Amino acid sequence: MTGIREEYYEVALPRPLRRQFTYSFAPNSEISNLKPGTVVTVPFGKNRLRGVVTGKAPSPTPELLGKIKAIEKIESVHPHFSNVLLDLTRWISDYYLSSWGEALGNALPTFSKKNEESKVIVPLQYAASFTKTLTEDQQKALANIISRINEDK
């Protein structure tokens, strides 16, 4: 460590584990502290997961100090989850015996699935009304699909 005082935060991860995990964060010129509800990326085993800061953690004991990993990325300086939503998801996790991270993931599914593509399924009869929002290439592809479907009928 280089004289920068690290802070420790509890992070809920979208895994079926009924506990939060402690991660370190060294304040910098852009961010002096993390607020509950902030989405962060952390190392977890061999993976990188997105999790939600649920609050500050107490300073670890000396034997745990070297084992705590650092928060790798902060998604935004503004929390994605309000205190009300944090309280609600905490209640949901307690009531339904799920992890807090899973409840948070269900409340805002995109927080744990940033790198996955979003898919929208539109019934064929309504597809034409969506073409205004598509690029020219997407419009051509949709027209091709519709013509093939109509040929098969």
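### A short note on helix α3 (residues 100-107)
Stage number 1. For α3, every residue scored as buried is listed here: Trp100, Gly101, Ala103, Leu104 and Gly105.
Stage number 2. As for α3, its buried residues are in contact with β1 (7-12), β4 (47-56) and α2 (83-95).

### Notes on the packing of aromatic side chains
Stage number 1. Under the definition given, this model contains 4 aromatic pairs.
Stage number 2. Ring centres of Tyr9 and Phe25 lie 6.4 Å apart, and the angle between their planes is 65°; on these two criteria the pair is classed as edge-to-face. You can see Tyr9 sitting in strand β1 and its partner Phe25 sitting in strand β2 (residues 21-25), a full 16 residues away along the chain. Both residues of the pair, Tyr9 and Phe25, count as buried.
Stage number 3. Where Tyr95 meets Tyr96, the ring centres are 4.8 Å apart and the plane angle is 75°; that geometry is what we call edge-to-face. A single burial state applies to Tyr95 and to Tyr96, both of which are exposed.

### A short note on a nonpolar patch on the surface
Stage number 1. A cluster of nonpolar side chains, contributed by Leu88, Trp91, Tyr95 and Tyr96, occupies part of the molecular surface with about 510 Å² of accessible area.
Stage number 2. Mapped onto the fold, Trp91 is located in helix α2.

### Here we look at the confidence of the model for the protein
Stage number 1. Summary statistics for the protein give a mean pLDDT of 80 and a share of 78% for residues scoring 70 or more.
Stage number 2. Element-level pLDDT for the protein is lowest in helix α4 (residues 124-127), with a mean of 62, against a maximum mean of 94 in β1.

### Considering α2
Stage number 1. The end-to-end C-alpha distance of α2, which contains 13 residues, comes to 18 Å, matching closely the 18 Å that a straight helix rising 1.5 Å per residue would cover.
Stage number 2. Check the buried side of α2 and you find it contacts β4 and α3.
Stage number 3. The positive-phi residue at the C-terminal boundary of α2 is Leu97, with phi of around 55°.

### As for unusual backbone geometry
Stage number 1. Phi angles above zero are rare outside glycine, and Leu97 is one such case at about 55°.
Stage number 2. Checked against the element boundaries, Leu97 lands in the loop between α2 and α3.
Stage number 3. A residue is classified by how much of its surface remains accessible, and Leu97, at 64% relative accessible area, is exposed.

Reading the values: the criteria
- Residues numbered from 1 in each chain as written.
- Predicted model: local features only at pLDDT ≥ 70, side-chain atom pairs only at ≥ 80, totals over all residues.
- Heavy atoms only, no water.
- Buried < 20%, exposed > 50% of the residue type's maximum accessible area, 1.4 Å probe, protein only.
- Helix = DSSP H or I, 4+ residues; strand = E, 2+ residues; numbered from the N terminus.
- Contact = heavy atoms within 4.5 Å.
- Phe/Tyr/Trp six-rings, centres within 6.5 Å; stacked < 30°, edge-to-face > 60°.
- Patch = residues over 30% accessible without salt bridge, like charges linked within 9 Å, V, L, I, M, F, W, Y side chains within 5 Å.
- Areas by Shrake-Rupley, 256 points an atom, 1.4 Å probe, with all protein chains shown as cover.
- Salt bridge = Lys/Arg side-chain N within 4 Å of Asp/Glu carboxyl O.
- pLDDT = per-residue confidence, 0-100.
- Expected span 1.5 Å × (residues − 1).

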